[in-house]
Amino acid sequence: MPRQLHLSAALDSPESPDSPGRFDAGHYAALARLAERATLDFVTLDDSFAAEPSRPDALAALARTAPLTGRVGLVPTVTTTHTEPFHTSISVNTLDWVSEGRAGWLVGVSTTEAEARAFGRRPVAPEDELWAEAADAVEVAARLWDSWEDDAEIRDTATGRFIDRDKLHYVDFEGPHFSVRGPSITPRPPQGRPVVVVPVTAADLAPDASPGGRARVATAIRHADVVLLDAPDRATRLSAATDLRLRAGESLRILARLDATLSALPDRAADERLLAELTATGTGVDGFHLATADPLRDLAALADRIAPALRAAGLLRDEYTGRTLRDHLGLARPTSRYAAAPLSSPAAPTAPALAEVTR
Amino acid sequence: MTDRPLKQIHLAAHFPGVNNTTVWSDPASGSHIEFASFRHLAQTAERGKFDFFFLAEGLRLRESKGRIHDLDVVGRPESITVLNALAAVTERLGLAATVNATFNEPYELARRFASLDHLSGGRAAWNVVTSSDAFTGENFRRGGYLDRADRYTRAAEFVQLAREFWDAGEDGVRHRGPQFDVEGRLSLPRPPQGHPVVIQAGDSDEGREFAAATADVVFSRHSTLADGQAFHADVKRRLAAYGRKPDELKIMPGVTFVLADTDAEAAERATAIRRAQVGPQTTIAFLEQVWGVDLSDHDPDGPLPAVDPDPDSALVQGRVRHGDPLAVARRWRAVAAEKNLTSHELVIELTGRQSFIGSPATVAAQIDHFVQNDAADGFILVPHLTPGGLDEFVDGVVPLLQERGVFRTDYTGRTLRDHLGLPLPGRR
């Protein structure tokens, strides 16, 4: 049986002044439910601090969607430029709590003068500096997610202690743009660490890549669980994916971005083109991210026509087998970097008792 | 007041906090972090036709003696994200988040509240707080940098700028002030409420003035009738200077409550809850908070410490110290001597007392009495249990308030401004 595809889609509406529903919460829930019918791993929702396009905060819109969906992963863009890494960490953490383990974070940076002026804190910086800062922000966020060990809450009535403070940790990050002491105010999220997604283009991996592109690749290699890879053709995609995998290791999931020329699904002919792309062998990637042209139409087509065809070919799950986004992606739940190594002796008498108390 | 029509009461529910009011040792105490607990409390508040649901904030875990305070509930989710999720499982309930004006930037926060207001159909509220201590600042880019007076200056300009962003049309905002020099436009239309409801909680003179100038709701701490009336009169009197009418600012003290079938049973239950809220370790922690010195060897079942407090101590971090520690210690010693109390008994007596104790009929009458006599416009209820702590109030007290004709039997409006009787703000 061939290896199953990891599929995801963007919920973003195309540019159009009369585009309905951007501020209607039901719109996002309807789209995410279609994605869930197509058993996609996750959906993304883009964001920035630009005035256009008109849209709400992406993490807010997906938090609003979380209780109305049950399985699909929810991955908003959250910008690391101008924002506080501490707030970003607890917001993504909280998205994981309200979705019961389905949160991801599409890391973004803010490159425009207009966005810098909206904050008025500092001028726009070169892209390599922004991605180096993004890497630091992800590092801080991940340390904060880990800063509570999983069994830190003990509720020990005998000693009056709610937590075992030896299982909470300062993160003590210091970098050129910020320093963060920690620990987090939010306990460790259900997935341990929500899924970190970084966009990379094949040009970023080329020998003549820009400093910004190289910094973006460095961020992806150091921190990403998933890379969304843009490449102009299959050959470039294969070499870029091979290069990424060599540098980042086998646990990285690489999803090729398909633009609207392939992921728009107005008719059967379009279905055939997309299916040919999705089922091609030797692509070097683990799956695809579809930038739909008309999300309502195209996600319905994915659920009703594309997903059944892929299932018939043994390339897509019939139904979700796991609960969390990490489950869908086949990624293990990481242990906290601060957790003491488990005792070599199997007799760890307190462990089951603590687990019982914390439920 | 015979000719005056009955005042309508406003009610809000506070998610149980990370302090000793919240009892975690009770077998009925559930998770403080899982979404199901937030959903239960919010849906209970909505079943009770409450005005809004309220989340507090803390941006650094409390410490004492250089270590994280471990005796109370610790940890909470990020408020605005929880409220966006709650908007999906409630329809009318207002959704209030406490967010610090010091460790955020106006553009981003105005955008987040505008998003919550849109995604909830006009139910967002922002409780503006201004702490700016260096201890909390260690988690943020800005660090701790404002002195006490500047905190309100910054908060006032911050709120004003947020309102400019909410109001701005195609031309956007160009703002140049002492604290902020920014230019931009949100990616959202004006929020359904015009401006999300603004709540303010400070009790100092600057805080009261800020409330009179800026806030729609004051979250106050005066829970006796006389204190409440004095505060109510003082803050409402300040409104005229800003061209505002008394009705345009609602005063809602935070209160606790204990219910049982009879007043006697409720009193018994209140004592048991106080003992659960203030154990021997918590007694020592409270003494250390006032005294500012290590008292780990102090016997909680003996008298108060003989030494005087250290007023400049940094022993306890991440908690507001109320008042002059030397004066507090003098007052505590006087009460302990008068009533012959041990340290433990004294702390229970002074810190744990619930605001309303009794049968549903008694508590409904007390609440109504406070509101009709202008000690408050309503209350923010702080249950001591997660997630079931509001159930008895909604099932027992709310119907009696409705019978009295002082609380809505159903929502008549869609937005939080509708519930609070606040006008849609004009575009400036």
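Numbering of residues starts from 1 in each chain and follows the order in which that chain's sequence is written. Chains carry letters and ligands carry numbers; both start at the beginning, A for chains and 1 for ligands, and go up in the order they are written. Residue-level local features of this predicted model are given only where pLDDT is at least 70; pairs of side-chain atoms are given and counted only at 80 or more, and the full residue set underlies all totals for whole chains, interfaces and linings.

(A) Structural context of the packing of helix α1 (residues 25-37) of chain A against helix α11 (residues 295-312) of chain A. Residue and element names in this part refer to chain A. Angular values range over 0 to 180 degrees, each being the angle between N-to-C directions of two axes fitted as lines to C-alpha atoms, with helices fitted over their stretch in contact. Helical segments are the DSSP runs of H or I of at least four residues, strand segments are the runs of E of at least two, and each set is numbered from the N terminus. Orientation of α1 relative to α11, taken along the N-to-C sense of each, is 20°, at an axis distance of 8 Å. As judged from the angle between their axes, α1 and α11 are roughly parallel. In terms of crossing hand, the pair formed by α1 and α11 is left-handed. Residues Leu31, Leu34, Ala35 and Arg37 of α1 touch α11, and the partners they reach there are Pro295, Leu296, Leu299, Ala300 and Ala303. Under the scheme applied here, ten amino acids are nonpolar (Ala, Val, Leu, Ile, Met, Phe, Trp, Tyr, Cys and Pro), four are charged (Asp, Glu, Lys and Arg), and all others, including Gly, are polar. For the contact of α1 with α11, the class distribution of residues is 8 nonpolar, no polar and 1 charged. Here is the rule for angles: anything less than 35 degrees is roughly parallel, anything more than 145 is roughly antiparallel, 65 through 115 is roughly perpendicular, and the remaining ranges are oblique. For a crossing to be left-handed, the near helix must be turned anticlockwise from the far one by less than a right angle; the clockwise case is right-handed. Whether two residues are in contact is decided by their C-beta atoms, placed from the backbone, lying within 7 Å.

(B) Layout of the nonpolar core. Formed by 226 residues in total, the largest nonpolar core has its most connected members in Val43, Val197 and Leu229 of chain A together with Phe53, Leu95, Ile199 and Leu381 of chain B. In terms of residue count, helix α5 (residues 127-146) of chain A provides more of this core than any other element does, 11 residues in total. Throughout the structure description, domain borders are defined by an automatic or database domain assignment. There are two domains that each give this core at least three residues, and those are domain 1 (10-261 + 354-420) and domain 2 (279-351) of chain B. Not counting chain neighbours up to four residues away, the residues in contact with Leu381 of chain B comprise Leu11, Ala12, Ala13, His14, Val255, Phe257, Leu390 and Phe393 of chain B. For this entry, the nonpolar core is defined as buried Ala, Val, Leu, Ile, Met, Phe, Trp, Tyr and Cys residues connected by C-beta atoms within 7 Å. With C-beta atoms placed from the backbone, a residue is labelled by how many other C-beta atoms lie within 10 Å of its own: buried for 20 or more, exposed for 12 or fewer, partly exposed between the two.

(C) Highlighting the interface of chain A and chain B. Counting from both sides, the interface comprises 51 residues of chain A and, opposite them, 55 residues of chain B. Residue assignment for the side of chain A that touches chain B shows that the elements contributing at least two residues are α2 (58-65), α3 (85-98), α4 (113-119) and β6 (161-163) of chain A. With 7 residues, the top contributor of residues to the side of chain A that touches chain B is α3 of chain A.

(D) Up close: the pairing of strand β9 (residues 197-200) of chain B. Residues and elements named next belong to chain B. Of the two faces of β9, both are covered, the one formed by Val197 and Ile199 as well as the one formed by Val198 and Gln200. Direction of pairing for β9 relative to strand β10 (residues 217-220): parallel, over a ladder of 2 bridges. Bridging from a neighbouring strand, Gln200 pairs with Val218 of β10. With its strands directed away from the observer, a crossover is right-handed exactly when the path from the first strand over the helix to the second travels clockwise. Once the chain exits β9 it traverses helix α6 (residues 205-214) before rejoining the sheet at β10, and the crossover so formed is right-handed. Strands qualify as paired when DSSP identifies two bridges or more between them.

(E) The arrangement of α1 of chain A in detail. The span one expects for a helix is its residue count, reduced by one, times 1.5 Å. Over its 13 residues, α1 of chain A extends 19 Å from the first C-alpha to the last, a length consistent with the 18 Å expected when each residue adds 1.5 Å. Here α1 of chain A has its buried residues at Ala25, Tyr28, Leu31, Ala32, Leu34 and Ala35 of chain A. Among the structural elements, β1 (6-10), β2 (42-45), α2 and α11 of chain A together with α2 (79-87) and α3 (106-119) of chain B are those in contact with the buried residues of α1 of chain A. Immediately downstream of α1 of chain A, the backbone of Thr39 of chain A shows phi near 50°, a positive value.

(F) Expanded view of the sheet that holds strand β10 (residues 226-230) of chain A. All names here are of chain A. A barrel is described by the order of its strands in space; here 8 strands give the closed sequence β1-β2-β3-β4-β9-β10-β11-β12, paired in parallel fashion. Sheet twist, expressed as the average angle between the axes of neighbouring strands with direction ignored, equals 30°. Direction of pairing for β2 relative to strand β3 (residues 73-79): parallel, over a ladder of 4 bridges. Looking across to β3, one finds that Phe42 is bridged to Gly73.

(G) Here's a closer look at the domain arrangement of chain B. All names here are of chain B. Looking at chain B, the domain boundaries give domain 1 (10-261 + 354-420) and domain 2 (279-351). Computed over C-alpha atoms only, the centres of domain 1 and domain 2 are separated by 29 Å. On the side of domain 2, 10 residues touch domain 1, which itself brings 11 residues to the contact. Of all the secondary-structure elements, those providing two or more residues to the side of domain 1 that touches domain 2 are β3 (63-64) and α4 (134-137). Taken together, the residues that form the side of domain 1 that touches domain 2 break down as 3 nonpolar, 4 polar and 4 charged.

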